[in-house]
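Listed here are the chains, written in short residue letters.
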Amino acid sequence: MTNQNGWTKSSWKNYTALQQPNWPDQKALEKVTKDLALLPPLVFAGEIRTLKALLAKASKGEAFLIQGGDCSEDFSQVTAPTIRETMKVLLQMAVVMAYAGGKPAIKVGRIAGQFAKPRSSDTEIVDGVELPSYRGDMVNKSEASIKARTPNPKYILKGYYLAASTLNLLRAFTRGGFAALHRVQAWNQEFVAQSPMGRSYNRLAAQIDQAIKFMNTIGIPTDIPQVNQTQIFTSHEALLLPYEEALTRIDSTTGDWYDCSAHMLWIGERTRQVDGAHVEFLRGVLNPIGVKIGPDHDIDNIKQLIETLNPENEPGRLTLITRMGCDNIEKKLPALLREIKKEGAHIVWNCDPMHANTYTSESGHKTRNFNDILTEITRFFEIHWAEGTIPGGVHLEMTGKNVTECVGGARNIVSEELHNRYDTTCDPRLNAEQSLEVAFQIADMIKH
Ligand SMILES: O=C[C@H](O)[C@H](O)COP(=O)(O)O
Ligand SMILES: C=C(OP(=O)(O)O)C(=O)O
Ligand SMILES: [Mn+2]
């Protein structure tokens, strides 16, 4: 079935798709995608439209987007504690934005499907042996052996089921009372509570608690969805196009196409070619779409991407996720903002302060420095203020766990400590305390 300009859910196949795994068994891949196409969608189109409406507010400065989660979700970490702790940090960050920053936060996880990774190189050398690179748990395993690194399409199906169970738990927590504002104090984790950030958070939580008690005292009902419930949306990089196609469905209520693998999908820095398969695929679904933009972008090319992905200039449809690096952002972002502003395009400008601030420590760990991350965020805000554009959100690699993957922060993790709890299978994440610290800093800026 075709919609505008020859798009179908398979038309991407006529274009070049970069960063696809070398599946050894094409027949097995086809079988998996056929099976997937018969399985239920993971999200409902109505929820996707709700997110788009919220993002339209972020594009006007009336809300702030917090998008965050693992670089690469790990199948073995799809457990209740891991999901709960990541969700708690997102809730904490959102409450800090809303209470200290005075702006409602839109919570979007890199969760329930962030299982496929683009890599700089097809192979890597581990202990002198050349192996295919790890490309995410939906593709191969991170262990260093030829067998583990061979792409296997059955992992796609496993990823679908794990995404479904993650979403199920998120819905239960956010709708079933766990995320109620009465419990704002309980979201602080033990290892964070004793830290400077944890103490600031506790003070803020106590004030919210008092406000709710006061409302109860004077007879304002607090047993209402605005207090009792919340919504966490899902997102991932739409990299594995056979998976995305299989979950792309017509919404029976409107007749429109949606990619029902997640509420929001983004296109990575490495796959955003205007004439590439990823752009072709995403232009035809009505979800909110993100595009990563690194320091080597060409402004005319970004204009073409905007025209292709959002020809109607619909607010909330397009989020541009800039990841320039703390040293490059002042050179690169102002001209981009100025030129796109001239076009009158409605954009949610989102700051990814992680991906251009990565380096390898002496110990051999891929890491990021907390100060570089904060510097990129601060400059992002300052540049937007100077250009008269709107800083709409932040995109973080983070976890609720007490990992030691990024150096710095209030506890000043040093590079010698990275090996203590370095659990990521791909890029280094902020831990719960470092994430909360970022939230307080942002809250200060969104009050502006
Ligand atoms: O998360 C993103 C990418 O997969 C990652 O940054 C690329 O890393 P690499 O250069 O180690 O392949
Ligand atoms: C691969 C990623 O980012 P980018 O496309 O910006 O490099 C990512 O977000 O993990
Ligand atoms: Mn990453």
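Procedures and definitions
- Residues numbered from 1 in each chain as written.
- Chains lettered and ligands numbered in written order.
- Predicted model: local features only at pLDDT ≥ 70, side-chain atom pairs only at ≥ 80, totals over all residues.
- Near = placed C-beta within 6 Å.
- Nonpolar A, V, L, I, M, F, W, Y, C, P; charged D, E, K, R; others polar.
- Buried ≥ 20, exposed ≤ 12 C-beta atoms within 10 Å, placed from the backbone.
- Helix = DSSP H or I, 4+ residues; strand = E, 2+ residues; numbered from the N terminus.
- Pairing = 2+ DSSP bridges.
- Expected span 1.5 Å × (residues − 1).
- UniProt positions renumbered as here; feature names shortened; annotations may be inferred.
- Contact = placed C-beta atoms within 7 Å.

Neighbouring ligand 1 are Cys 71, Lys 117, Pro 118, Arg 119, Ser 120, His 355, Cys 426 and Asp 427. Among the residues making up the shell around ligand 1, the classes are represented as three nonpolar, two polar and three charged.

With that settled, consider the site of ligand 2. Taken together, Cys 71, Pro 118, Gly 268, Glu 269, Arg 270, Lys 292, Arg 323, His 355 and Asp 427 make up the full set of residues near ligand 2. In the shell around ligand 2, the residues fall into two nonpolar, two polar and five charged.

The subject of this paragraph is the pairing of strand 5 (residues 232-237). Taken across its six residues, strand 5 has six buried, putting it largely inside the fold. Alternating residues of strand 5 divide into Ile 232, Thr 234 and His 236 and Phe 233, Ser 235 and Glu 237, and every residue in both groups is buried. Pairing geometry for strand 2 (residues 105-110) and strand 5, over four bridges, is parallel. For Lys 107, the partnering residue across the bridge sits in strand 5 and is Ile 232. In this structure, strand 5 lies alongside strand 8 (residues 264-267), joined through three bridges in parallel fashion. Bridge pairing in strand 8 places Glu 237 opposite Trp 266.

Time to look at helix 13 (residues 370-387). Between its first and last C-alpha atoms helix 13 spans 26 Å; for 18 residues at 1.5 Å apiece the expected length is 26 Å, and the two agree. Within helix 13, the full set of buried residues consists of Phe 370, Asp 372, Ile 373, Glu 376, Ile 377, Phe 380, Ile 383 and His 384.

With that settled, consider the UniProt feature "binding site: phosphoenolpyruvate" (unreviewed entry) in the protein. With numbering aligned to this structure, UniProt lists the feature "binding site: phosphoenolpyruvate" (unreviewed entry) at Arg 110, Glu 269, Arg 270, Lys 292 and Arg 323. Taking the number of C-beta atoms within 10 Å as the measure of exposure, Arg 110 has 26 and is therefore buried. Setting aside residues no more than four positions away along its own chain, Arg 110 makes contact with Gln 67, Gly 68, Gly 69, Asp 70, Ser 235 and His 236. Once residues within four sequence positions are removed from consideration, Arg 323 is found in contact with Glu 269, Lys 292, Ile 293, Gly 294, Asp 352, His 355 and Ala 356.

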